[in-house]
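Notes for the structure review
Here's the letter readout for the chains.
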Amino acid sequence: MTPGTPADPAAWLENVVYDFIEHSTENTLQGAFQEKAFENPLIGFANGADPIFESYKRYVAPYHWTPLEIFNQTFPDSNATSEELTVISWILPQTAATKADNRRQSTYPAERWARARIYGEEVNVKLRRLVVDVLQNAAWQAVAPMLSPLWQRKKSDQYVFASTWSERHMAYAAGLGTFGLCDGLITPRGKAMRTGSVVARIQNTATPRPYEDHRAYCLFFSQGICGQCITRCPVGALSEKGHDKLKCLQHLKPASAEYVKANYGFDGYGCGLCQTGVPCESKIPTKEDV
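Residues numbered from 1 in each chain as written. Predicted model: local features only at pLDDT ≥ 70, side-chain atom pairs only at ≥ 80, totals over all residues. Heavy atoms only, no water.

For the chain, the helix and strand inventory stands at nine helices and ten strands. A compact globule built from 290 residues would reach a C-alpha radius of gyration of about 19 Å, and the chain, at 19 Å, matches this within 12%. Expressed as lengths along the three principal axes of its C-alpha atoms, the size of the chain is roughly 55 × 40 × 35 Å. Counting only residues that meet the buried cut, the chain has 52% of its 290 residues in that class. Contacts in the chain between residues far apart in sequence, at least 24 positions, make up 74% of those at least 6 positions apart. When the accessible surface of the chain is totalled, it reaches about 13,300 Å², and 50% of it is carbon and sulfur. (Helix = DSSP H or I, 4+ residues; strand = E, 2+ residues; numbered from the N terminus. Rg over C-alpha atoms; globule rule 2.2 N^0.38 Å. Buried < 20%, exposed > 50% of the residue type's maximum accessible area, 1.4 Å probe, protein only. Contact = heavy atoms within 4.5 Å. Areas by Shrake-Rupley, 256 points an atom, 1.4 Å probe, with all protein chains shown as cover.)

Shown next as structure tokens:
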């Protein structure tokens, strides 16, 4: 350990993330909604040598980075090993007001939701940068893969499109949630959330994954019930067969983008109807919630 660095890196990093979301004036929806974009976060850790990251080359895309790949591309002289790296992942839950507003929608996003998609993601970007900065100020090399100029979204033969780094898959690896029928991540705070991550040359105890199946928290897959997100989708992009990404994307742009501009007066987009008004909106659901 470098002199002056924290004795308990995990607790220190948790405090950095919690403090930013709880106290920073930058955690805001902006505009007339001078209120928080997100509520208190969840944080998890995964070791860079976890075999799950190699498996993502099969289940996400062959070009999906392992933590070591993006770290060594960022720091080519580091000679780091996978075991020396930690993925720090967080969940940023939507606020009660944002969820309530969007729950009432049937075609397009509520203004709060659209603001959380645009200005809330700006908050997430600032949090990524903050975590990288505090780590590097404490002499630990770190990179936020989603902010890397090397990050790309590409076409995928199997999944229509995929990217070189998936924040949801990092959260899954860090024990923070499993995937639902609509491809959203169901966490202990529910599916109505955003997520981010940083890779650092720091050794932390990995957060246990309290599940074995990547769809364990989805009632449709685990118990054969629910499927309420199917009827929430305004364009039929969800079915028992899964998520039609092209239909979903076409609803986001141009349809919802035009609606947001015309009705809310800013350049944005969003939907999130499958994340609200469903049993997994704010929790890991049980059969009693259906």
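This part covers the nonpolar core. The tendency in soluble globular proteins is for nonpolar side chains to be buried side by side. Within the largest apolar cluster, 43 residues are counted, with the highest numbers of intra-cluster contacts made by F53, Y56 and V199. For this core, the elements supplying multiple residues, two or more each, are β1 (42-47), α2 (52-59), α3 (67-74), β2 (86-93), α6 (167-173), β7 (185-186) and β8 (193-200). Counting residues per element, this core draws most heavily on α6, which supplies four residues. Within the second largest apolar cluster, 27 residues are counted, among which are V17, L29, I43 and L92. (Core = buried A, V, L, I, M, F, W, Y, C linked by side-chain atoms within 4.5 Å.)

Moving on to the sheet that holds strand β3 (residues 142-143). Sheets are built from strands that pair by backbone hydrogen bonding, the pairs being arranged parallel or antiparallel. If you trace the four strands from one edge of the open sheet to the other, you get β1-β2-β8-β3, paired in antiparallel fashion. If you trace the sheet from one side to the other, it starts and ends with β1 and β3, each paired once. (Pairing = 2+ DSSP bridges.)

A few words now on the pairing of strand β4 (residues 153-156). Taken together, the four bridges between β4 and strand β5 (residues 160-163) define a ladder with antiparallel strand orientation. Bridging from a neighbouring strand, S156 pairs with V160 of β5. Following β4, the chain reverses through three residues before pairing antiparallel with β5.

Summed over all chains, the structure comprises ten aromatic pairs. Between Y108 and Y259 the ring centres are 4.4 Å apart and the planes differ by 15 degrees, which places this aromatic pair in the stacked class. Here Y108, found in the loop between α4 (96-103) and α5 (111-137), pairs with Y259, found in helix α9 (residues 245-264); they are 151 residues apart in sequence, far enough to count as distant. Residue class for Y108 comes out partly exposed when judged on its relative accessible area of 24%. According to the relative accessible area criterion, Y259 is partly exposed, its value standing at 25%. Pairing F220 with F221 gives two aromatic rings, centres 5.2 Å apart and planes at 90 degrees, and the pair type is edge-to-face. (Phe/Tyr/Trp six-rings, centres within 6.5 Å; stacked < 30°, edge-to-face > 60°.)

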